[in-house]
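Summary of the model geometry
Listed here are the chains, written in short residue letters.
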Amino acid sequence: MSRSLAARERLFVALDVASVDRARVLVTELGDTVSCYKVGLELLFGGGLEFAQGLKAAGKTVFLDMKLLDIANTVEKAAANIASLGLDYLTIHGTDTKTVEAAVRGRGASTLKLLAVTVLTSLEQADIEQQGIKGMSPADLVVHRARLAKDAGVDGIVASAQEATMIRAAVGPDVLIVTPGIRLAGGAAGDQVRVMTPGKAIAAGADCLVVGRPITEAADPRAAAAAFVAEIEAALKS
Ligand code: C5P
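First, a word on what this report is: a plain description of the structure on this page. (Residues numbered from 1 in each chain as written. Predicted model: local features only at pLDDT ≥ 70, side-chain atom pairs only at ≥ 80, totals over all residues. Heavy atoms only, no water.)

Looking at the pairing of strand β2 (residues 36-39)
Here β2 shows a buried face lined by Cys36 and Lys38 and a second buried face lined by Tyr37 and Val39. Pairing geometry for strand β1 (residues 11-14) and β2, over 3 bridges, is parallel. Looking at β2, one finds that alanine 14 is bridged to lysine 38. Pairing between β2 and strand β3 (residues 61-68): 4 bridges, direction parallel. Along β3, the bridge assignment pairs lysine 38 with phenylalanine 63. In this region the chain leaves β2, passes through helix α2 (residues 41-57) and returns to the parallel neighbour β3; the handedness of that crossover is right-handed. (Buried < 20%, exposed > 50% of the residue type's maximum accessible area, 1.4 Å probe, protein only. Helix = DSSP H or I, 4+ residues; strand = E, 2+ residues; numbered from the N terminus. Pairing = 2+ DSSP bridges. Right-handed = clockwise from strand over helix to strand, strands pointing away.)

This is the structure we're talking about:
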């Protein structure tokens, strides 16, 4: 389903800023270079929901990064309410089938696409062991959760691009693979640990890339976004 997406439609800029005022400045600066935005927890509590709806009304693709995880009744009803907002994507945690199936029921026949977060890109082996998960690498856990989420009816999987090839082999061609933790060669990783460049991520089978700070904190965000789009485009051609 993703094969027809243009390079620009594969870049989701994470608007991880504290205020709608700052987000508005960024979106204006980025202009036509960016067509898809991710609105997450930080901005949501700074007026971000109305802002997200405004982006959608302005013709942008909007990804609400709520990472829902709760009892089934709560997730189902939250997903139903979110579906009524008319946005494009919603994240849920793909840690268990009950959560994912509840979100699938909640979005019902709406056009909202569900993306299951497998293992956060900021986590490594020691972090999952700390959670009590023994004998599995982060990649094993990602693939295990990706299979469960696909069977439960999600549209896409969120994981590190380092796992994209394994996920594709496990879930087949029709599931969207969305990868945060993307950095240009030599870029600062920040708190991310399972990172990859945009070119390598696309080559590994990622469909859409989520990029935050390398664009939002750049001296020239528009030029930074254009560099990401150019690298995605080059990878698609090769
Ligand atoms: O600034 P940076 O490019 O690291 O931002 C990545 C974005 O992707 C953040 O908004 C983060 O919440 C989100 N994300 C992630 N890892 C996941 C799921 C979402 O980094 N597994």
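That shown, we press on.
Focus: helix α6 (residues 138-152)
Taking 1.5 Å per residue, 15 residues should reach 21 Å; α6 reaches 21 Å between its end C-alpha atoms and fits that length. Along α6, the residues classified as buried are Pro138, Ala139, Leu141, Val142, Val143, Arg145, Ala146, Ala149 and Ala152. If you follow the buried residues of α6, they end up packed against α4 (97-107), β5 (113-117), α5 (125-130), β6 (156-158) and α7 (164-171). (Expected span 1.5 Å × (residues − 1). Contact = heavy atoms within 4.5 Å.)

What about the packing of α6 against α7?
Two packed helices can be described by the angle between their axes and the distance between those axes. Following both chains from N to C, one finds α6 and α7 inclined at 35 degrees, their axes separated by 9 Å at the closest point. In this structure, α6 crosses over α7, and the sense of that crossing is right-handed. On α7, the residues touching Ala139, Val142, Val143, Ala146, Arg147 and Lys150 of α6 are Met166, Ile167, Ala170 and Val171. Here the residues of the contact of α6 with α7 sort into 8 nonpolar, no polar and 2 charged. (Axes fitted to C-alpha atoms, helices over the stretch in contact; angles between N-to-C directions. Left-handed = near helix turned anticlockwise from the far one by under 90°. Nonpolar A, V, L, I, M, F, W, Y, C, P; charged D, E, K, R; others polar.)

Focus: the sheet that holds β3
The 8 strands lie next to each other as β1-β2-β3-β4-β5-β6-β7-β8, forming a closed barrel whose pairing is parallel. Geometrically, the sheet is characterised by an average inter-axis angle of 25 degrees between neighbouring strands, direction not taken into account. The strands touched by helix α3 (residues 72-83) are β3 and β4 (89-93); relative to β3, the strand with the most contacts, the crossing angle is about 165 degrees. This element, helix α10 (residues 221-237), spans β1 and β8 (208-211) of the sheet and lies at about 155 degrees to β1.

A short note on the nonpolar core
Core analysis: the largest hydrophobic core is formed by 67 residues, its most contacted members being Leu11, Leu15 and Ile215. Look past the residues within four positions of leucine 11 in its chain and what remains in contact with it is Val34, Cys36, Leu209, Val211, Ile215, Ala225, Phe228, Val229 and Ile232. The next biggest cluster of nonpolar side chains, apart from the first, holds 12 residues, and it includes Ala14, Leu115, Val158 and Val178. (Core = buried A, V, L, I, M, F, W, Y, C linked by side-chain atoms within 4.5 Å.)

Some thoughts on the site of the ligand
Around the ligand lies a shell of 18 residues, among which Asp16, Lys38, Thr121, Gly212 and Arg213 are the nearest. Take lysine 38: an N or O atom from its side chain is 2.7 Å from an oxygen atom of the ligand. Glycine 212 places a main-chain nitrogen or oxygen 2.8 Å from an oxygen atom of the ligand. In the complex, the protein chains occlude 88% of the 470 Å² of accessible area that the ligand would expose alone. At the level of secondary structure, the elements contributing two or more residues to the shell around the ligand comprise β3, β8 and α9 (213-216). When the residues that make up the shell around the ligand are grouped by side-chain class, the tally is 9 nonpolar, 3 polar and 6 charged. (Near = heavy atom within 4 Å. Polar contact = N/O pair within 3.5 Å; in protein donor to acceptor, adjacent residues only side chain to side chain. Areas by Shrake-Rupley, 256 points an atom, 1.4 Å probe, with all protein chains shown as cover.)

Taken by themselves, the reported measurements are silent on function.
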